[in-house]
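# Report on the structure
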Amino acid sequence: MRHIISILLENESGALSRVSGLFSARGYNIESLTVAPTEDPSLSRMTIVTTGSDDVIEQITKQLNKLIEVVKVVDLSESSHIERELMLIKVRAVGKDRDELKRMADIFRGRILDVTEHTYTIELTGTGAKLDAFIQAIERSVILETVRTGASGISRGERVLRA
Amino acid sequence: MELSGAEILIRCLQEEGVECVFGYPGGAVLFIYDALFKQDKVKHILVRHEQGASHAADGYSRASNKTGVCLVTSGPGVTNAVTGIATAYMDSIPMVIITGQVPTHAIGQDAFQEVDAVGITRPCVKHNILVKDVRELASAVKKAFHIARSGRPGPVLIDIPKDVTAASCKFEFPESISMRSYNPVIKGHPGQIKKAAQLLLEAKRPMIYTGGGVILSEAAAQLTKLVKMLGYPCTNTLMGLGGFPGSDAHFLGMLGMHGTYQANMAMQHCDVLLAVGARFDDRVIGNPQHFGEVPRKIIHIDIDPSSISKRVKVDVPIVGNVREVLGDLVKVLETNREKHDAKALKAWWAQIELWKAKDCLRYDRASKIIKPQFVVEKLYEVTKGDAIIVSDVGQHQMWTAQFYKFDKPRRWINSGGLGTMGFGLPAAMGAQIANPKATVTCVTGEASFQMCLQELSTCKQYRLPIKIVCLNNRYMGMVRQWQQFFHGNRYSESYMDALPDFVALVQSYGHSGIRIENPADVEPALKDAFKRKDELVFLDFITDQSENVFPMVPGGMGISEMILAEEL
Ligand SMILES: Cc1ncc(C[n+]2csc(CCOP(=O)(O)OP(=O)(O)O)c2C)c(N)n1
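Residues numbered from 1 in each chain as written. Chains lettered and ligands numbered in written order. Predicted model: local features only at pLDDT ≥ 70, side-chain atom pairs only at ≥ 80, totals over all residues. Heavy atoms only, no water.

### Concerning the overall build of chain A
The number of helices and strands found in chain A is 4 helices and 9 strands. Across its three principal axes, chain A shows a C-alpha extent of roughly 55 × 35 × 35 Å. For chain A, buried positions account for 42% of its 163 residues. On chain A, roughly 8800 Å² of surface is accessible, and the fraction owed to carbon and sulfur atoms is 50%. Averaged over its 22 positive side-chain charges, chain A has a centre that lies 2 Å from the centre of its 24 negative ones. (Helix = DSSP H or I, 4+ residues; strand = E, 2+ residues; numbered from the N terminus. Buried < 20%, exposed > 50% of the residue type's maximum accessible area, 1.4 Å probe, protein only. Areas by Shrake-Rupley, 256 points an atom, 1.4 Å probe, with all protein chains shown as cover. Lys, Arg positive; Asp, Glu negative; His and termini not counted. Charge placed at Lys NZ, Arg CZ, Asp CG, Glu CD.)

### What to know about the overall build of chain B
When you go through chain B residue by residue, the secondary structure sums to 23 helices and 20 strands. Viewed in the frame of its principal axes, chain B has a C-alpha envelope of about 75 × 60 × 40 Å. The buried share of chain B, taken over its 568 residues, is 62%. Residue pairs in contact within chain B that sit at least 24 positions apart in sequence constitute 77% of those at least 6 positions apart. Surface exposure of chain B reaches about 21800 Å², of which carbon and sulfur atoms provide 52%. With 62 positive and 59 negative side-chain charges, chain B shows a separation of 5 Å between the mean positions of the two kinds. (Contact = heavy atoms within 4.5 Å.)

### Looking at the interface of chain A and chain B
Chain A puts 19 residues into the contact, and the matching count from chain B is 18 residues. When chain A packs against chain B, the two sides together hide about 1500 Å² of surface, and 44% of this comes from carbon and sulfur. The salt bridge partner of Lys313(B) is Glu58(A), with a shortest N-O separation of 3.5 Å. At the boundary of chain A and chain B, one finds 12 residue pairs in polar contact (both at pLDDT 80 or more). For the side of chain A that touches chain B, the elements supplying multiple residues, two or more each, are α1 (15–25), α2 (54–66) and β4 (70–75) of chain A. The greatest single-element share of the side of chain A that touches chain B, amounting to 6 residues, is contributed by α2(A). Taken together, the residues that form the side of chain A that touches chain B break down as 5 nonpolar, 5 polar and 9 charged. (Buried area = accessible area lost by both parts, 1.4 Å probe. Salt bridge = Lys/Arg side-chain N within 4 Å of Asp/Glu carboxyl O. Polar contact = N/O pair within 3.5 Å; in protein donor to acceptor, adjacent residues only side chain to side chain. Nonpolar A, V, L, I, M, F, W, Y, C, P; charged D, E, K, R; others polar.)

### Quick word on α2(A)
All names here are of chain A. Taking 1.5 Å of rise per residue, 13 residues should cover 18 Å, and α2 covers 18 Å from first to last C-alpha, within 8% of that figure. Listing the buried residues of α2 in full gives Ile57, Gln59, Ile60, Thr61, Lys62, Gln63 and Leu64. Residues of α2 that are buried sit in contact with β1 (2–10), α1, β3 (43–51) and β4. (Expected span 1.5 Å × (residues − 1).)

### Regarding unusual backbone geometry
Residue and element names in this part refer to chain B. The omega torsion across Phe550 and Pro551 is -10 degrees, close enough to zero to call that bond cis. Within the element layout of this structure, Pro551 appears in the segment after β20 (537–542). Although it is not a glycine, Gln113 adopts a positive phi angle of roughly 60 degrees. Here Gln113 shows up in the loop between β5 (95–101) and α5 (117–121). The backbone of Arg474 shows a phi angle near 60 degrees, a positive value even though the residue is not glycine. Positionally, Arg474 belongs in the loop between β18 (467–472) and α21 (477–486).

### Topic: the layout of surface pockets
When its volume is computed, the second largest pocket comes out at roughly 1200 Å³. What lines the second largest pocket is a set of 43 residues, among which Gln63(A), Lys66(A), Leu67(A), Asp304(B) and Ser306(B) lie closest to the centre. Within the residue set of the lining of the second largest pocket, elements represented by two or more residues are α1, α2 and β4 of chain A together with α4 (76–90) of chain B. Among the elements that make up the lining of the second largest pocket, the one with the highest residue count is α1(A) (6 residues). (1 Å grid on protein atoms, 1.4 Å probe; cavity = no way out; pocket = protein on both sides within 12 Å on 5 of 7 lines; lining within 4 Å. Points joined across faces, edges and corners; volume = space filled by probe spheres on them.)

### Let's talk about the site of the ligand
Residues and elements named next belong to chain B. In the neighbourhood of the ligand, 17 residues make up the surrounding shell, with Gln395, His396, Gly419, Ser448 and Gly477 lying closest. Within the backbone of Gly419, one N or O atom sits 2.8 Å away from a nitrogen atom of the ligand. For the ligand, an oxygen atom lies 2.7 Å from a polar atom in the backbone of Gly477. For the shell around the ligand, the secondary structure elements donating two or more residues are α17 (395–403), α19 (446–449) and α21. (Near = heavy atom within 4 Å.)

### Overview of the sheet that holds strand β4 (residues 68–72) of chain B
Residues and elements named next belong to chain B. Strand order in the open sheet formed by 6 strands is β3-β2-β4-β5-β7-β6, and the pairing between neighbours is parallel. Whereas interior strands pair on both sides, the edge strands pair on one side only; in this sheet they are β3 (43–46) and β6 (127–130). Averaged over all pairs of adjacent strands, the angle between strand axes in this sheet comes to 20 degrees, irrespective of strand direction. Taken together, the 4 bridges between strand β2 (residues 20–23) and β3 define a ladder with parallel strand orientation. Bridge pairing in β3 places Val21 opposite His44. Helix α3 (residues 50–64) rests against β2, β4 and β5 of the sheet, and its axis sits at about 165 degrees to β4. (Pairing = 2+ DSSP bridges. Axes fitted to C-alpha atoms, helices over the stretch in contact; angles between N-to-C directions.)

### So, the packing of aromatic side chains
All names here are of chain B. In this structure the tally under the stated criterion is 19 aromatic pairs over all chains. Here the aromatic rings of Tyr475 and Tyr491 are separated by 5.8 Å at their centres, their planes lie at 70 degrees, and the arrangement is edge-to-face. With Tyr475 in the loop between β18 and α21 and Tyr491 in the loop between α21 and α22 (502–508), the pair connects residues that are 16 residues apart, well separated along the chain. Grouped by ring-pair contacts, the aromatic residues Tyr380, Tyr404, Phe406 and Trp412 constitute a single cluster. One residue, Arg480, lies across the ring of Tyr475, its end atom 5.8 Å from the ring centre. (Phe/Tyr/Trp six-rings, centres within 6.5 Å; stacked < 30°, edge-to-face > 60°. Lys NZ or Arg CZ within 6 Å of the ring centre and 35° of its normal.)

### Observations regarding the packing of helix α1 (residues 5–15) of chain B against helix α2 (residues 30–37) of chain B
Residue and element names in this part refer to chain B. As a packed pair, α1 and α2 sit with axes 8 Å apart at the nearest point and diverge in direction by 55 degrees. Here α1 lies oblique to α2, going by the angle between them. Where α1 crosses over α2, the two elements pack in a sense that is right-handed. In contact with Ala6, Glu7, Leu9 and Ile10 of α1, α2 contributes Phe31, Ile32, Ala35 and Leu36. (Parallel < 35°, antiparallel > 145°, perpendicular 65-115°, else oblique. Left-handed = near helix turned anticlockwise from the far one by under 90°.)

### Points about the pattern of salt bridges
Using the criterion set out here, one finds 45 salt bridges over all chains in the structure. One salt bridge in this structure joins Asp34(B) and Lys38(B), with 3.3 Å as the shortest N-O distance. Classification of Asp34(B) by relative accessible area gives partly exposed; the value is 37%. What you see here is one network of salt bridges that share partners, running through Asp55(A), Glu58(A), Lys62(A) and Lys313(B).

### Thoughts on empty space enclosed by the protein
Taken as a whole, this structure holds 1 cavity of 30 Å³ or more when the rule is applied. One number sums up the size of the largest cavity: a volume of about 30 Å³. Of the residues that constitute the lining of the largest cavity, the class distribution is 3 nonpolar, no polar and 4 charged.

### Observations regarding the nonpolar core
Membership of the largest hydrophobic core comes to 98 residues, with the highest contact counts inside it found for Phe280(B), Leu539(B) and Phe541(B). Those residues in contact with Leu539(B), other than ones at most four positions away along the chain, are Ile468(B), Val469(B), Cys470(B), Ile514(B), Ile516(B), Ala525(B), Leu526(B) and Ala529(B). (Core = buried A, V, L, I, M, F, W, Y, C linked by side-chain atoms within 4.5 Å.)

And the structure:
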């Protein structure tokens, strides 16, 4: 099962490698990992998307909690939550593709950030599935480059994750 | 007044009550050695190889419950120490490792003797810290000691660049430490403890299985009280020996791959299992599927939540310090008016007696060649069961665990988790230094011993009167045993050829040695050696080459699927 795990940790050098090292040493999957400081610069917030059986996910949460720099861990997938990912995609936009790509970007609520004679660079946010859908929807051969951030997540409603 | 980083480090060690540091100097730690030279509170033990430093600090900690400290230089100093760090990590031993590092401006430049110490050791320490500013040094040291000995203990490494040891600042030792990200649970949940008590009383076939957590948390008294008040059978893991008196009638012996028949059978067939400070690892319960085939309720007490329900699902998890939780559990049971089912318990003990009657540790006592088991039995008698026994890794380790009855904690010191050959001698040095008056014995094999024998020189320098019992079978015995059982008797590279004359070898280091070849000479030789209180004596017992450790649970099999001696 796919899980999205949120981690609050000390913003210290080396903390990231402890987390990624834990995943590789114990053979856990990382589908994506995002991290950046929070409004309190002494803390970072990390989102990891992983897959595993319930037992594995339980171990992942426990092992993460064991890391000295980790302040809190929640499995966002245990309750309702929001997740978003950002993608920048550069496409070849010439001839009839040019209009078509503009229309597709509009349908997916994307924004064209950069335009040249031959290319568009489009920004899209949404769930991973939506970004996948966009890639599926356009002609494969027009894609020049994609870059995705991996998912960030937050709980719905009043639930908060704080130190 | 301002102090240099090196002086601050030494002052911090003094404040932490460190009496002794095991180390080896080099370029990156010269300022620290200079600061050591100028004081006399912290003693330094000069080892002969950094692996010896980390094992000695580890042995010191295991034998005393004080935090062991070792100090090594950057680069090869660190890499040599890694085996000892990983050994301590696997057995949750509180230890602080101080490593020198190249100056901060040189980090990342492939400088002379630079290695990424924090990176290399990350997977085998509880935590590690690179100190980049002298003003952070004191709090880093405080933190390191706090983390090493609280919660589930473990080694913590502090990497200090040379310029940080030279720079100076005002010294203030932090009185206390608080970390928002690290607050281990100590007290067990009262509701869970009540549930555990209830389950224990309802048991028809109870079993108490305890591990290294009992030793580490100093809970032997609480455990002994609990077992005796309930009258239930008890077994210890390799790491837990001495947590419950080995000579007590409730003790079924060690369990696991080389556990006794009765301990393994009782473990498999119990209906309520109390697991205390143990982690159901592969060498203990064998195949978890096979273990799970028999329905039973499991109560698991451990300080580390990640040890609970890792390999085996448990019914009543209790996270907390083992001593605290056992103390609370005893209290609940004392005030509880219900009693356990005496009739069922009697029948259970009768079953256990039948298992015991297999006499699974039987060996040929009439042998004309020295049997290794016989040596350990005699060692037990001659030392009256009261020595600190430090073991290396192999068959000799298992025979010692089986035949020496440990009645007290911290008398049995061995590398259980990592299984590190070479651990014995340096760890025995640490144990002897922690307990100068105690009788310390290193039980070893001729292969293990050759992995750290340079420490004989350290033993001479500091007059450490360790007795070394070498069970010399001219084989990497444990490897040979596996090759005999599982690889068609093909003894690939497990014969120890070109052995030194150990007696002459130890003599060249200024110690004495005795070679023993006849069973009749075993006891006199041991008596002779242990009479020589101030000397290191090496006893080279020439033992039966073909002896195997029984019972044995082959890898991947169930715990009750043992090979017994007579079956071969
Ligand atoms: C550093 C290290 N290398 C290899 C091994 C694998 N190993 C386990 S036991 C053993 C043989 C030990 O031989 P010896 O010390 O003579 O003891 P014996 O088994 O003969 O009693 C070996 C090679 C190990 N445990 N540690």
